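One letter stands for each residue in the lines below.
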Amino acid sequence: MHTRQWQAASVLALAAVMLFGASCGWFGESPPDAPPESPASTSSARPSPTAAVVESASPTPFPSPTAAVGAPASPTPFPSPTAAIAESASPTPLPSPTATVAVSVSPTPALIPSPTATPDATPPPLAHPWLFTAISSGDSHGCALRMDGRAVCWGDNRYGYPPEEETFTAISAGDAHTCGLRPDGTALCWGLNGYGRATPPDGTFTAISSGWLHTCGLRPDASAVCWGFDEDGRASPPEGEAFQAISSGRLHTCGVRLDGSAVCWGLDRDGMASPPPGETFTDITSGHVRTCGLRPDGSAVCWGLDRNGRATPPTGETFTSLTSGRGLICGLRPDGAAVCWGDDENGSLQPPAGETFTSIEAGHLGACGLRSNGTVVCSQRDRNYQPGPRESVTFTAISVGVFDVCGLRDDSSVQCWSGDDPQSTATPPYGRTYQAISTGGAALCGLDQDQLVTCWESTYRTYEEDRQSFGPEAEKFSVVNAGYYSACGLRSDGSAQCWLIVEPQGGFASLFDGIEAGQPPEGETFSSVSIGHFLACGIRTDGSALCWSAVNFGEESVRTAPQPPSEETFKSISVSITHACGLTDDHAAVCWAMQESTGITGLDVGSLTSPEGERFVSVGAGAGFACGLRSNGSHLCWVADDQELTDEGLLERVSLPEYERFSSLSIGDALMCGLRVDGTVVCRGAIRVG
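Here the structure is a predicted model, which means the values were calculated and not measured.

Cut-off values and rules
- Residues numbered from 1 in each chain as written.
- Predicted model: local features only at pLDDT ≥ 70, side-chain atom pairs only at ≥ 80, totals over all residues.
- Heavy atoms only, no water.
- Helix = DSSP H or I, 4+ residues; strand = E, 2+ residues; numbered from the N terminus.
- Buried < 20%, exposed > 50% of the residue type's maximum accessible area, 1.4 Å probe, protein only.
- Areas by Shrake-Rupley, 256 points an atom, 1.4 Å probe, with all protein chains shown as cover.
- Pairing = 2+ DSSP bridges.
- Axes fitted to C-alpha atoms, helices over the stretch in contact; angles between N-to-C directions.
- Phe/Tyr/Trp six-rings, centres within 6.5 Å; stacked < 30°, edge-to-face > 60°.
- Contact = heavy atoms within 4.5 Å.
- pLDDT = per-residue confidence, 0-100.
- Disulfide = S-S within 2.5 Å.
- Polar contact = N/O pair within 3.5 Å; in protein donor to acceptor, adjacent residues only side chain to side chain.
- Salt bridge = Lys/Arg side-chain N within 4 Å of Asp/Glu carboxyl O.

S.K.: Is there a simple way to think about the overall build of the chain in this case?
M.R.: Along the chain, the regular secondary structure elements total three helices and 46 strands. Split into buried and exposed, the 690 residues of the chain put 62% on the buried side. For the chain, the accessible area works out to roughly 24,600 Å², and carbon and sulfur atoms hold 49% of it.

Shown next, in the form of structure tokens:
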């Protein structure tokens, strides 16, 4: 194999590994001989071992995570925490290398807004997406109930999402499963179902609490029922007992009897399942190796392992509720202020000063508080945990890349965030505003009001303080689109210029030795351009399309750019790492495979056959899948057949809720985001960093 061919192969292999492989401020062991687990029938995010959720008709204030947490009977819409930003008609940014790029064909190329769908006149009722009535913190994820009772989860999404059409009055997040109570009192769980922890028994409940590998609930007659892993009896409540509260921990469970006395069952390590005799409680919370109870006078007492003061609540404090996570315990004061103690060496997990809450929930990696206006603020101790739901920021356009997502606001400012580390953002150069953005792989690019392009490195390339900004000097463009290794811009005369956006770093520097940005054939002009990892495509003014290699590794590396069907004319083209898809003049989707452009013929990316008879306003290609946006705002996705890089659960992970309606979509390698008519954004999938 020639040196350049090996380099091309190595770069593709590196990209495939990154894609398919694999303490900050406020914002697990396996069981013995645990069998392999598979997700339950519905999807979810990873949940809280210590949350307990009890139904309450009018929770004001919201009860503790181990007491009652339920949706109000008649929720009144809360004002948005941030000013609403109306959708403007200003040019929207070109999407990511794999995002939807759809423009009108005109003799003179110009920056044209992305086509937008017109959602159905009577879509399903949708409460404000970022205002909530209840929250629950899990192991590596959190969940909340929206005002309409639908569930929203954030953080680790490997085990799926909440069921789209279900509504709940209470929710409890465990380790890798989540459970909710429907309005009729029946329970529904999703996520990993090892030992049956996500398979609740028939019947109705008034409270539910998800632990590590087990779940418990209270029946209307106050009896307790548990299911899941029952080692040490953690899922075997005492018979004949009646409870007013229940809390499932990691290895044990505790309940408060009707007379206020407490009883625990399961593993009694360090006395965590041995409540102090003679005490009575109104609330109880079970953690990893400790338990805390709330006395009738509001004071707290804890028992179990007292490392780092975990079992020593602050003296002189009174609380209305308690919650326990991995090593952090929090209490809510009568005035709504929160106090936390335990594992918090640098103070990053302390609630923000001056904030008040209606409820607070501690989980495995941090805590979340629910404000009285329905917004949520969270802490985190792990950089790989998304600490809370996105705030109600609105955008006029979005762009999804390989490692980052960016949104363009109506004041022309840009806000970006990373899929794996929301505390690290690919912030554009300070003070710059843009008329269009494009989120690529190694970098992101923006087109400013003077038609000058600036690119800046993605979150994966560098830390914020080392991030570089660059771009073609003094050149003016009407369109810019960023790929994985390179970006292309269109001048006002339709000619294209492409440039590298990757700098060799670390041990992989030799792979990029001699790399050059691919250029289109001389004399060609285009009305739009889309660039992916290894392929770039442009649409000529007559609607025909031409593709070329996005990167070259020298003369010895011979690659053929796969071309779209010659008989088709296109409105837009979207290029990903595995396929390219075009929207034809009659609004049909046409896709073609790309393995030839990489110089590696042994990698089967499969055929991405478009759905027959469907018509779209835009189409986007991801890694082994594609999605189209219909004129009514709904979307449809399809996956490649007979290919090696994706799995059967891909569509379930990336597809957005069916009941949602969008004005535009943007697609990355394994992530898709939709822009609602009100300017808010919803995303699904995962941005893989390694």
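S.K.: Please explain the sheet that holds strand 41 (residues 618-621) as it appears in this structure.
M.R.: Note on sheets: strands pair through backbone hydrogen bonds, and any given pair is parallel or antiparallel. Spatially, 41-42-43 is the arrangement adopted by the three strands of the open sheet, whose pairing is antiparallel. A strand with exactly one partner marks an edge of an open sheet, and here the two such strands are strand 41 and strand 43 (635-639). For this sheet, the mean inter-axis angle between neighbouring strands, taken without regard to orientation, is 15°. For strand 42 (residues 625-629) and strand 43, the ladder comprises five bridges, and the chain directions are antiparallel. Counterpart to Gly628 in the pairing with strand 43 is Leu636.

S.K.: Which parts of the structure should I look at to understand the packing of aromatic side chains?
M.R.: One pair of aromatic rings is described through two measures. These are the centre distance and the angle between the planes. Under the criterion given, the structure shown has 14 aromatic pairs. Between Phe243 and Trp265, the aromatic rings sit 5.7 Å apart at their centres with planes inclined by 50°, giving tilted as the arrangement. Separated by 22 residues along the polypeptide, Phe243 in strand 11 (residues 243-248) and Trp265 in strand 13 (residues 262-266) bring together distant segments of the chain. Centre to centre, the rings of Phe281 and Trp303 are 5.7 Å apart; their planes meet at 45°, and the pair counts as tilted. With a gap of 22 residues between them, Phe281 in the loop between strand 13 and strand 14 (283-286) and Trp303 in strand 16 (residues 300-304) connect regions that are remote in the sequence. Its relative accessible area of 2% is what places Phe281 among the buried residues. Through successive ring pairs, a cluster of aromatic residues spans Phe403, Tyr484, Tyr485 and Phe534.

S.K.: Looking at this structure, I do not really get the sheet that holds strand 22 (residues 376-378). What am I missing?
M.R.: Strand order in the open sheet formed by three strands is 20-21-22, and the pairing between neighbours is antiparallel. Each edge of the sheet is formed by a strand with only one pairing partner; in this case those strands are strand 20 (359-362) and strand 22. Adjacent strand axes in the sheet meet at a mean angle of 15°, parallel and antiparallel pairs treated alike. Summarising the sheet, strand 21 (residues 367-370) and strand 22 pair through three bridges and their orientation is antiparallel. Bridge pairing in strand 22 links Gly369 to Val377.

S.K.: Help me understand the environment of Val654 in this model?
M.R.: By secondary structure assignment, the location of Val654 is in helix 3 (residues 650-654). Put simply, Val654 and Cys627 are 27 residues apart on the chain and 9.7 Å apart in space, counted from C-alpha to C-alpha. When sequence neighbours within four positions are dropped, the list of residues in contact with Val654 reads Phe625, Ala670, Met672, Arg684 and Gly685.

S.K.: What's the story with the confidence of the model for the chain in this structure? I'm lost.
M.R.: Do not read the predicted coordinates in detail wherever pLDDT is low. When pLDDT is averaged along the chain, the result is 77; 69% of the residues meet or exceed 70. A low-confidence stretch, residues 121-126 (pLDDT under 50), is modelled with 11 contacts involving residues beyond four sequence positions or located in other chains. When the criterion is pLDDT under 50, residues 420-424 qualifies, and its contacts beyond four places in sequence or with other chains add up to 19 contacts.

S.K.: What exactly am I supposed to notice about the state of the cysteines here?
M.R.: Disulfide: a covalent bond connecting the sulfur atoms of a pair of cysteines. Under the criterion given, the structure shown has 14 disulfides. Here Cys254 is linked by a disulfide to Cys264, with a sulfur-sulfur distance of 2.0 Å. When the S-S torsion is 105°, as for the bridge of Cys254 with Cys264, the disulfide is right-handed. Highlighted residues: Cys254 in strand 12 (residues 252-257) and Cys264 in strand 13, separated in sequence by 10 residues. Neither Cys254 nor Cys264 differs from the other in exposure class; each is buried.

S.K.: Any chance you could explain the side chain of His214 here in plain terms?
M.R.: By secondary structure assignment, the location of His214 is in strand 9 (residues 214-218). On the basis of relative accessible area, His214 is assigned to the buried category, the value being 0%. Polar side-chain contacts of His214 include one of 2.8 Å to the side chain of Thr253.

S.K.: Quick question: what am I supposed to make of unusual backbone geometry here?
M.R.: Most of the time, phi is negative for any residue but glycine, and the peptide bond is trans. Phi is positive for Asp270, close to 55°, though the residue is something other than glycine. Relative to the helices and strands, Asp270 is located in the loop between strand 13 and strand 14. Given the relative accessible area of 46%, Asp270 is considered partly exposed.

S.K.: Quick question: what am I supposed to make of the pairing of strand 44 (residues 664-667) here?
M.R.: A regular strand carries its side chains on alternate faces of the sheet. Residue alternation in strand 44 divides its side chains into two sets, Ser664 and Ser666 and Leu665 and Ile667, and both sets are buried. Relative to strand 45 (residues 671-675), strand 44 runs antiparallel, the two being bridged by four bridges. When the bridges of strand 45 are listed, Ser666 appears paired with Cys673. The turn linking strand 44 back onto strand 45 is made up of three residues.

S.K.: I keep staring at the pairing of strand 7 (residues 187-191) and nothing clicks. Help me out?
M.R.: The buried count for strand 7 comes to five of five residues, which makes it a mostly enclosed element. Alternating residues of strand 7 divide into Ala187, Cys189 and Gly191 and Leu188 and Trp190, and every residue in both groups is buried. Bridge count between strand 6 (residues 177-181) and strand 7: five bridges; the pairing is antiparallel. Counterpart to Gly180 in the pairing with strand 7 is Leu188.

S.K.: Whenever I open this one, the environment of Glu231 confuses me. Can you help?
M.R.: Position of Glu231 relative to the elements: it lies in the loop between strand 10 (224-228) and strand 11. For the pair formed by Glu231 and His214, sequence separation is 17 residues and the distance between their alpha carbons is 9.8 Å.

S.K.: Would you explain the pattern of salt bridges in this entry?
M.R.: It is possible for side chains bearing opposite charge to pair when their charged atoms get close. Applying the stated criterion to the full structure yields 17 salt bridges. Glu614 is the salt-bridge partner of Arg630, the closest N and O atoms lying 3.1 Å from each other. Of this pair, Arg630 sits in the loop between strand 42 and strand 43 while Glu614 sits in the loop between helix 2 (595-598) and strand 41, and the two are 16 residues apart along the sequence. Assessed through its relative accessible area of 22%, Glu614 is described here as partly exposed.

S.K.: Quick question: what am I supposed to make of the environment of Thr312 here?
M.R.: Within the secondary structure, Thr312 is located in the loop between strand 16 and strand 17 (321-324). Take Thr312: its relative accessible area is 43%, and that puts it in the partly exposed class. Sequence separation of Thr312 and Gly342 is 30 residues, and the distance between their C-alpha atoms is 8.0 Å. In terms of polar contacts, Thr312 uses its side chain to reach the side chain of Asp306, at 2.8 Å.

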